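Fold and contact review
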Amino acid sequence: MTTNVADILIEALPYIKNFSTKTIVVKYGGHAMVDEKLKLDFANDITLLKYIGVNPVVVHGGGPQINKALDAMGITSKFIRGMRYTDDETMDVVEMVLGGKVNKEIVARINSQGGQAVGLTGKDGGLITAEKMTIYHKTEADKPPEIIDPGMVGNVESINPRIIHTLTEQGFIPVIAPVGIGKDGETYNINADVVASKIASALQAERLMLLTDVDGLLDAGNKLVSSVDSKTINQMIDNEEIKGGMIPKVECAIDALRNHVKKSHIINGKIPHAVLLELFTDSGIGTQVFLK
């Protein structure tokens, strides 16, 4: 047992050296945010990263928690082409849950494990400037596209990372809820994968890590693809090996790579200590994406 532990530490050493002082942006979501043991594992992972000299930045989702709050308040969720329609009433709940309850629970859990986390939304320090999302859906080739209004759902217009730099330089761990502010002060709900990708780009992060509920990208034989380039990903999309909700995740991963991020990772957050295993072992546990 002692030898095995020593071997693991020796295997991790070059990775620890490589990532020391570097920024790693982690999108935290899915089952890892629901299971109590996994929540504690994640808090320990993030705390350990900071202790060994890495600068972790956490961006979190909270879909299930939003659903629960809306149900409790008797507000019916309306979805348009798979996207939650966010009217003013729903937006109030989204901001309350993401920026309040969920964010502060993550902060408290990291702090309980010895970290120094600070909760933010994109409205703090001008972090995320957003613009309203409009969806154009082409139905027939000879007809103009259908215009879909998802309500107070936004795209990232710009990131001002100054507040993140200030916090990380002082030893704090930023924990960010994906809510942005428009040019006229309006609040927008933004996809957490997109926010994580844009923040990683603005920080020129060493890594972007997207936690999901699956092992990563799977090939036609349903086997994990441990490493893949952006060109192959586009081919896999064309061949429908990648489809559904995984498409926007890989698009976020590639977008980050095209904007100063060294590598992106898609990993299964249901695996205990998934972040550490992906970063500090030779084989990793998920899919590593690089640019080609």
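This section reports on the structure supplied with the text. (Residues numbered from 1 in each chain as written. Predicted model: local features only at pLDDT ≥ 70, side-chain atom pairs only at ≥ 80, totals over all residues. Heavy atoms only, no water.)

Okay, unusual backbone geometry next. Here the phi dihedral of Gln204 falls at roughly 50 degrees; this positive angle occurs in a residue that is not glycine. Among the structural elements, Gln204 can be located in the loop between helix H6 (192-203) and strand E13 (207-212). On the accessibility criterion, Gln204 (54% relative accessible area) is exposed. (Helix = DSSP H or I, 4+ residues; strand = E, 2+ residues; numbered from the N terminus. Buried < 20%, exposed > 50% of the residue type's maximum accessible area, 1.4 Å probe, protein only.)

Below, the discussion takes up helix H8 (residues 246-257). With 12 residues, H8 should cover 16 Å at 1.5 Å per step; its first-to-last C-alpha distance of 17 Å lies within 8% of that length. Listed in full, the buried residues belonging to H8 are Met246, Lys249, Val250, Cys252, Ala253, Ile254, Ala256 and Leu257. Summarising the contacts, the buried residues of H8 are in contact with strand E1 (23-28), H6, E13, helix H7 (230-238), strand E15 (263-268) and strand E16 (287-290). (Expected span 1.5 Å × (residues − 1). Contact = heavy atoms within 4.5 Å.)

Let's shift gears to the packing of H7 against H8. A pair of packed helices can be characterised by two numbers: the angle between their axes and the separation between those axes. Two elements in contact, H7 and H8, have axes whose closest approach is 11 Å; the angle formed by their N-to-C orientations is 160 degrees. Classified by the angle their axes make, H7 and H8 are roughly antiparallel. Here H7 and H8 pass one another in a crossing that is left-handed. Judged by residue contacts, Ser230, Ile233 and Ile237 of H7 engage Ile247, Val250 and Ile254 from H8. (Axes fitted to C-alpha atoms, helices over the stretch in contact; angles between N-to-C directions. Parallel < 35°, antiparallel > 145°, perpendicular 65-115°, else oblique. Left-handed = near helix turned anticlockwise from the far one by under 90°.)

Membership of the largest hydrophobic core comes to 78 residues, with the highest contact counts inside it found for Val25, Ile199, Leu217 and Val275. It is helix H4 (residues 88-112) that provides the largest number of residues to this core, a total of nine residues. Not counting chain neighbours up to four residues away, the residues in contact with Ile199 comprise Val25, Val57, Val59, Ile159, Ile164 and Ile176. (Core = buried A, V, L, I, M, F, W, Y, C linked by side-chain atoms within 4.5 Å.)

This part is about the sheet that holds E1. Taken in spatial order, the eight strands of this open sheet run E5-E10-E2-E1-E13-E15-E16-E14, and their pairing is mixed. With one partner strand each, in any of the chains shown, strand E5 (117-121) and strand E14 (227-229) form the two edges of the open sheet. Sheet twist, expressed as the average angle between the axes of neighbouring strands with direction ignored, equals 20 degrees. Pairing of E1 with strand E2 (residues 55-60) involves six bridges; the strand directions are parallel. What sits directly across from Val25, in E2, is Val57. Against the sheet, H6 contacts E1, E2, strand E10 (173-177) and E13, and its axis sits at roughly 175 degrees relative to E1. Set on the sheet, H7 makes contact with E14 and E16; between it and E14 the angle comes to about 85 degrees. (Pairing = 2+ DSSP bridges.)

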